[in-house]
Amino acid sequence: MRRFPMLDSHFKKEEFKKAVKENVKMLYRKTIDEATQQQIFQAVSLAVKDVIIDNWLATQKQYEKDDPKIVYYLSMEFLMGRALGNNLINLTAYKEVKEALDELGFDLNVIEDQEPDPALGNGGLGRLAACFLDSLATLGYCAYGCGIRYHYGLFKQKIEDGYQIEVPDNWLKDGYPFELRRPEYAKEVKFGGYVRVEYDAATGRNQFIQEGYQSVMAIPYDMPIVGYNNKIVNTLRIWDAEPITDFRLDLFDKGEYHKAVEQENLAKNIVEVLYPNDNHYAGKELRLKQQYFFISASIQEAIAKFKKNHDDLHDLPKKVTFQLNDTHPTMTVAELMRILLDEEGMTWEEAWDITTHTCAYTNHTIMAEALEKWPIELFSKLLPRVYQIIEEINRRFILEIQNKYPGNQEKIRKMAIIYDGQVKMAHLAIAGGYSVNGVARLHTEILEKQELKDFYEMMPQKFNNKTNGITQRRFLLHANPRNRMAYEYLMACTLLKKDVGRFVHYYPLGADLGYSSVPKGYQEALLFYWLMSKHTATDTIPWKINPQTENRLREYAQIFTSARSADALSARFGDTYWFYADFR
């Protein structure tokens, strides 16, 4: 692919245009005039990806040198949104690329519309994960997102004669230019079978060996997460599944056609659809397979990465945190224990100490019925060794409850990890982690006082709140052009674009900004931020404005600068508080 120096001190427009033309020629054997809009999108994306990869390599080299603590953000969903526009914003090259494409006769907005929305998430859970990854890269934290490379999303909506028609959302049909296949990091994931126990005289301990299982290969695909204007690129690693044995020709020749492709179908089904219907046994089994599939692969890779540069796994909590985004990834607790016990030969006490200082759990729901529970019969059949470990965790945890609350069977009923024929995943995450957080202050209070009250009373030190945020750059600079101009006037400094909440303390707002030169559609925003920066409703405004507008905006600014809590702001501004709060 053609290279161009996007991030030089001066954007080289002609080099970029050459890169796009060259990519069209190499990919499609066409001139740029013959290419479709989809082909132009692919060519532009690869030109941008070329720059990202340079930064990606440099980032990873620096991380290897600095050896920072790594956050592995484990989530069944990552609702990333389209990448091209967001990457250009974070590379601070959106305007220049738009101008270059205009000269080639293409509209960047139209080209962006050719990009499929990666079908890796569904709602708030996945969007929060995406926001965190964007923020972590922008703030310079070493972090990996870990999930599944679903081939189809929930569905693609069509409206025919006023009715919704659900069709497959095949987001990968044209290929996805921003992903990178990494087969060198493939991991084997095992399902089913049985566990054979063998006494090891040398260590004096039992060895647990899984046999008679089926397995698939987890193949990672890496997607870049570009930090804002800092040349840092983190990684979202999504796992695809491939069969260990592609095709059994011997079975096919015998006429056993289904068995010939059995392994291929096993792998294919795991990654086919985000949230398969689970109102039947096969659907439940597939969902459980999906969860264990990406957790096992991610934990195996994290341990392997740690061991490249560190000799003592007892130091794992100093260098690694597994953040569990809701109950779907909470099998991390048991899988980490399995690896430390069975593969690394640790004692239970050693493995449990490491695990409980490495795993952290984010709770997303206050509804008890929405906290995941799995039937023992299904769980033990599909994941026999993992279930054995959870049984032992549960046994020891019940002993802790009994020591804390002697004779209180109600506490055991409410808090046990395995109870009434079910494995309760939220209880596993709380018992096996060092942190439990809600995603809003009120939400966390309800967890502590109602839904998880018994856990909070027993281990209050684990509970804390982390209020959800937004990706303000994407909202202000990309989705809302009117806000974009106000944002650019007020956020000229790179530091302030990264730290929106503190910009009023740094940026010298005033008459020197040229209020009269600001288009009328943006003057109110500029005035509001000026008032915010003054922290008083009596300062003289250096511009001539409508008295009614001035009074209203003074009232808003006074409320914001004097409010002592989020509740006060929310009471005044209602549902719009989440937006204005970023400018407080």
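Here's what I pulled together on the structure shown here. The shown structure was predicted, so the numbers you read here are calculated from the model rather than taken from an experiment. (Residues numbered from 1 in each chain as written. Predicted model: local features only at pLDDT ≥ 70, side-chain atom pairs only at ≥ 80, totals over all residues. Heavy atoms only, no water.)

With respect to the pattern of salt bridges
This model, assessed by the stated rule, comprises 31 salt bridges. A salt bridge links Arg149 to Asp240; the shortest N-O distance between them is 2.6 Å. One end of the pair, Arg149, is in the loop between strand S2 (143–148) and strand S3 (156–160); the other, Asp240, is in strand S10 (residues 233–243), and 91 residues separate them in sequence. Each member of the pair, Arg149 as well as Asp240, is classed as buried. Residue Arg396 pairs with Glu349 through a salt bridge whose shortest N-O separation is 3.4 Å. Of this pair, Arg396 sits in helix H15 (residues 384–404) while Glu349 is found in helix H13 (residues 348–355), placing the two residues 47 residues apart along the sequence. Here the salt bridges do not stand alone but share partners, grouping Arg182, Glu184, Lys187, Asp222, Arg237 and Glu301 into one network. (Salt bridge = Lys/Arg side-chain N within 4 Å of Asp/Glu carboxyl O. Helix = DSSP H or I, 4+ residues; strand = E, 2+ residues; numbered from the N terminus. Buried < 20%, exposed > 50% of the residue type's maximum accessible area, 1.4 Å probe, protein only.)

Some remarks on the packing of helix H10 (residues 281–309) against helix H12 (residues 332–343)
Following both chains from N to C, one finds H10 and H12 inclined at 45°, their axes separated by 10 Å at the closest point. On the basis of their axis angle, the class for H10 and H12 is oblique. Considering only the axes of H10 and H12, their crossing is right-handed. Residues Tyr292, Ile295, Ser296, Ile299, Gln300 and Ile303 of H10 lie in contact with H12, whose contacting residues are Thr332, Glu335, Leu336, Arg338 and Ile339. Its residues placed into classes, the contact of H10 with H12 shows six nonpolar, three polar and two charged. (Axes fitted to C-alpha atoms, helices over the stretch in contact; angles between N-to-C directions. Parallel < 35°, antiparallel > 145°, perpendicular 65-115°, else oblique. Left-handed = near helix turned anticlockwise from the far one by under 90°. Contact = heavy atoms within 4.5 Å. Nonpolar A, V, L, I, M, F, W, Y, C, P; charged D, E, K, R; others polar.)

Concerning the environment of Val320
Following the sequence through the fold, Val320 ends up in strand S11 (residues 320–325). Distance in space between the C-alpha atoms of Val320 and Lys69 is 5.5 Å, their sequence separation being 251 residues.

Quick notes on the sheet that holds strand S15 (residues 422–424)
Pairing within the open sheet is antiparallel, and its three strands lie in the order S13-S15-S14. Each having just a single partner strand, strand S13 (373–375) and strand S14 (418–419) make up the two edges of the open sheet. Inspection of the sheet shows S14 paired to S15 by two bridges, in the antiparallel sense. Each residue of the ladder has a partner; that of Tyr419, found in S15, is Gln422. On the sheet, helix H17 (residues 425–432) packs against S13 and S15 and is oriented at approximately 45° with respect to S15. (Pairing = 2+ DSSP bridges.)

Shape is all these values report; function is a separate question.
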